[in-house]
Amino acid sequence: MKIAMIGAGYVGLTTSAGLAVLGHSVICHDSDKQRIARLNAGEIPIYEPGLAEVVAAERRHGRLVFSDDVAEAVGDADAIFLAVGTPSAPDGSIDLSFIDAAALTIAPSLKPGAVVVVKSTVVVGTSRRVNGLIARKRGKPDVSVASNPEFLREGSAVKDFLEPERIVIGTDDVRSRAVLDEIYRSMAEEVPIVATTTRNAELIKYAANAFLALKIGFINDVARLCEEADGDVEAVARGIGLDSRIGSSFLAAGPGFGGSCFPKDTRAFTATGRRCGAPQPLVEALLAGNEWRKTELARRVVTEARLAPGMTVAVLGLAFKAETDDVRESPALTLVEVLQQAGLSVRVHDPRAMEAARPVLAGVEWCATPFAAAHKADAVVVMTEWQEYRSLDLKRLARAMNGAMLFDYRNLFPSEAVTAAGLHHVSLGRPVRRPAAVQRMFGGRAADLKAVAAPASKG
Ligand code: NAD
Ligand code: UGA
């Protein structure tokens, strides 16, 4: 089948390559001409494991091409996927201006009978509205609009696209159903297909993201309780996750969820609920809780390490999670802002996301290695669960530092290893670990230990 993709971002690029792997002929278009030029030069503008190899292979096979000419891209296509951004509007609702602009741009060039497939995450009713927009622009209702939400995760996008747990196809007419069935025919034996209306497909996407975000928010709250009650959140997560009704994924405590999706999609979900007269109080509370957590964990660095203006903090990890260079709504950005407001100097390192972070972070020192970032730092905070950080030489880190506080906001290190390196370990959802002498003084009770200001220097 001939397919056009509008948007060559995380989703558009991965989906283009994935559809080419399925045997379709794909032309991927982006309004950013530079991006298309880079892609045509064999460069992949984002870091996504495995994507470069698949794109290169599909280009070699001639199944994937990039074009900055929208009419050329869509003119002959049977299906035109829209994978443009759908960011948050200032009031938290969704900004559909990129979707509308893309729909209006492609409308004159579509061939009669073409099916426009909304891949972007959009609020309920959008596909139908886009259908109306295109019909008005063309002066006749001769194309269809379907919804095919995407569930891939950054960092495992290629695998998620090619081995999905389900495919959701939302259609309101037989023609678009037939086209989408044909597109995914080679996967249909292995993968459950949820065929439904466009409205349900749009609701499924938001409900899925909201539910996953709720799981994370829940375990983060449990982590706080564990800290106060001398528990261990990892034991609790394992203990509840083995119940198949709960499931063990998305129960890793962290510094608050970030990224280009959960924050904006949960905001849009609550805005939709309010607009439809069906408020979503659980997700409203989740959003407030997540904001609170990001700020609270940042403040905790300042208070627990007893940092004063002019002191230095090293932040390891800027990406919102490992295996991506995406820093959109990354909790690390909130941390840096709070630290700078407290008058601290901030040194940052990330194995992949420094380039993406440069335009959004001012006044920090960019460091080539974690040890360079930790050099004479009064505290180190680990914000992203990069493999490279998991195997960090903690003794070397300790030697580089001036202070002795290691804030491990991804629970990467065993406490014993951190304390053996001579550092104070502040991890999430575990009792606060102090050197043995301090623990003996207070009988090891987390609440008491926290009441004691930790010494800011080694020893
Ligand atoms: P992105 O910002 O990485 O990419 C969007 C691309 O669209 C950009 O390259 C931009 O230049 C291009 N674009 C914008 N307007 C255009 C137009 N009129 N014509 C052609 N190109 C245009 O965004 P993304 O992360 O790929 O997300 C896209 C959509 O997919 C969003 O709705 C998002 O919520 C959803 N989604 C994202 C993910 C993810 O992991 N990133 C997963 C599932 C769903
Ligand atoms: C998420 C969903 O997982 C995808 O299914 C969905 O397609 C996508 O949003 C989207 O709609 O765009 P993604 O944002 O790439 O994917 O990343 P996740 O792996 O879901 O992580 C989101 C955030 O939650 C990250 O900040 C991550 O660190 C955090 N997280 C995740 C935790 O704190 N704990 C966990 O157990 C899991």
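**Observations concerning the packing of aromatic side chains**
Inspection of the entire model under this criterion finds 3 aromatic pairs. Ring centres 6.0 Å apart and planes at 70 degrees place the aromatic pair Phe-407 and Tyr-409 in the edge-to-face group. As far as the burial class goes, Phe-407 and Tyr-409 line up, both buried. Ring pairs connect the aromatic residues Phe-250, Phe-257 and Phe-262, which therefore count as one cluster. Its end group placed over the ring of Phe-151, Arg-166 keeps NZ or CZ at 3.6 Å from the ring centre. The ring of Phe-371 carries Arg-396 above its face, with NZ or CZ at 3.9 Å from the centroid.

**Points about the pairing of strand 12 (residues 379–382)**
Residues Ala-379 and Val-381 point to one face of strand 12 and Val-380 and Val-382 to the other, with burial holding for every one of them. Relative to strand 12, strand 9 (residues 312–316) is paired through 4 bridges, and the arrangement is parallel. Bridge pairing in strand 12 places Leu-316 opposite Val-382.

**Some words on the site of ligand 2**
If you check the shell around ligand 2, you find 19 residues, and the closest are Phe-151, Leu-152, Lys-205, Asn-209 and Cys-261. One nitrogen or oxygen atom from the main chain of Leu-251 is found 3.3 Å from an oxygen atom belonging to ligand 2. The protein chains hide 91% of the 700 Å² of surface that ligand 2 would expose on its own. Counting residues per element, the ones that place at least two in the shell around ligand 2 are helix 9 (198–229) and helix 11 (262–275).

**Brief notes about the site of ligand 1**
Close contacts around ligand 1 come from 26 residues, with Val-11, Asp-30, Thr-86, Glu-154 and Lys-264 the closest. A distance of 2.5 Å is found between an oxygen atom of ligand 1 and a side-chain nitrogen or oxygen belonging to Thr-86. Within the contact set of ligand 1, a nitrogen atom lies 2.8 Å away from a side-chain nitrogen or oxygen of Glu-154. Notes on ligand 1: free accessible area 840 Å², of which the protein chains cover 87%. Every element with two or more residues in the shell around ligand 1 is listed here: helix 1 (10–21) and helix 5 (97–106). In terms of residue class, the shell around ligand 1 is made up of 9 nonpolar, 9 polar and 8 charged.

Calculation rules
Residues numbered from 1 in each chain as written. Chains lettered and ligands numbered in written order. Predicted model: local features only at pLDDT ≥ 70, side-chain atom pairs only at ≥ 80, totals over all residues. Heavy atoms only, no water. Phe/Tyr/Trp six-rings, centres within 6.5 Å; stacked < 30°, edge-to-face > 60°. Buried < 20%, exposed > 50% of the residue type's maximum accessible area, 1.4 Å probe, protein only. Lys NZ or Arg CZ within 6 Å of the ring centre and 35° of its normal. Helix = DSSP H or I, 4+ residues; strand = E, 2+ residues; numbered from the N terminus. Pairing = 2+ DSSP bridges. Near = heavy atom within 4 Å. Polar contact = N/O pair within 3.5 Å; in protein donor to acceptor, adjacent residues only side chain to side chain. Areas by Shrake-Rupley, 256 points an atom, 1.4 Å probe, with all protein chains shown as cover. Nonpolar A, V, L, I, M, F, W, Y, C, P; charged D, E, K, R; others polar.

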